[in-house]
Amino acid sequence: MARNPVAQTAFGPMVLAAVEQNEPPQRRLVDDDLAELFLPAPLRWLVTATRPALARRLFIGASEWTGRGLWANLACRKRFIGDKLAEAIGDVGAVVILGAGLDTRPYLLTRQVRIPVFEVDLPVNIARKAKTVRRVLGGPPLSVRLVALDFERDDLLTALAEHGYLPDYRVFFICEGVTQYLTEHAVRRTLEGLRPAAPGSRMVFTYVRRDFIDGSNRYGTRTLYRSVRQRRQLWHFGLLPEEVEAFIGEYGWRLVEQAGPDELVQRYVEPTGRKLKASQIEWSAYAEKI
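Residues numbered from 1 in each chain as written. Predicted model: local features only at pLDDT ≥ 70, side-chain atom pairs only at ≥ 80, totals over all residues. Heavy atoms only, no water.

Taking an unreviewed UniProt entry as the reference, the protein is identified by name as S-adenosyl-L-methionine-dependent methyltransferase belonging to Mycobacterium kubicae. Quoted straight from UniProt, the Sequence similarities (unreviewed entry) entry for the protein says "Belongs to the UPF0677 family." The UniProt entry for the protein carries the following text under Function (unreviewed entry): "Exhibits S-adenosyl-L-methionine-dependent methyltransferase activity." (UniProt positions renumbered as here; feature names shortened; annotations may be inferred.)

This is the structure:
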């Protein structure tokens, strides 16, 4: 399978979810008993090595070499998304995950409710996901559809419709850790594609601050900036918190809630007693279609 630098980023969030599973329940930031199974063998061995508490602390510390606070960022955004989905699940008819990667959320969700779940990602990630699901579960549940798409070039609604998506669905859209990898053109193209979504649809998404993208504030993560902006040019798009409401409002979405890193740490990390701080570069937002 051809290597794609963006596609390769799918592993990191699932390693985090799997390592968090090794924490005692009361200290766990993410609860996902499928995460380790969805990883390739070398990464499963790595997760196994973090079962002792000292090894886990060392691993988390080492993982933040590129940017302090990124572990808490990823864990908290997953919790935020999970909370919003749980609140809305009885009021939506489908879930669409944009940039699904190796996310196990669709397969955990089928334990609770059977509604259509559309996993949208690059063709290389969809091929990997299909292979992984066959290995772990024997195949995808009938309610889960894998949709290959290039956000920069392909039409989102056309791709979804080819897999059974109906325009009158009230949908819960998830866009986790995706927008920074797209150009502004692709972000706007995606939002334009979601414009026909039924009123009452929900969208939860994360974004990186624009002042980090343009280099005017690197928030103490110079190594990360060099990696994603200078050497590999992986990240392209950002917003400022005060811009979000107007930006999504252009496409018929009403901002319901916006949560910064400090608020998410207070909400999710502090109750566990863990001493983790979050990076200031990433925020989470929740919106409703009007």
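On we go.
Caption draft 1: The nonpolar core, seen in detail. Counting residues in each nonpolar core, the largest one holds 52 residues, and the members touching the most others are Val95, Phe172 and Ile174. Ranked by residues supplied to this core, first place goes to helix H4 (residues 70-88) with nine residues. Membership of the second largest hydrophobic core comes to 37 residues, among which are Val96, Tyr169, Phe173 and Cys175. (Core = buried A, V, L, I, M, F, W, Y, C linked by side-chain atoms within 4.5 Å. Buried < 20%, exposed > 50% of the residue type's maximum accessible area, 1.4 Å probe, protein only. Helix = DSSP H or I, 4+ residues; strand = E, 2+ residues; numbered from the N terminus.)

Caption draft 2: Representation of the packing of aromatic side chains within the structure. Summed over all chains, the structure comprises twelve aromatic pairs. Taking 6.4 Å as the distance between ring centres and 40° as the angle between the ring planes, the aromatic pair formed by Phe205 and Tyr207 counts as tilted. Its relative accessible area of 1% is what places Tyr207 among the buried residues. Three or more aromatic residues link up through ring pairs in this structure, and these residues are Tyr181, Phe212, Tyr225 and Trp235. (Phe/Tyr/Trp six-rings, centres within 6.5 Å; stacked < 30°, edge-to-face > 60°.)

Caption draft 3: Quick look at the sheet that holds strand S6 (residues 253-259). Spatial strand order, S3-S2-S1-S4-S5-S7-S6: seven strands in an open sheet with mixed pairing. Because the sheet does not close on itself, it has two edges, and the strands there are strand S3 (144-148) and S6. For this sheet, the mean inter-axis angle between neighbouring strands, taken without regard to orientation, is 20°. (Pairing = 2+ DSSP bridges. Axes fitted to C-alpha atoms, helices over the stretch in contact; angles between N-to-C directions.)

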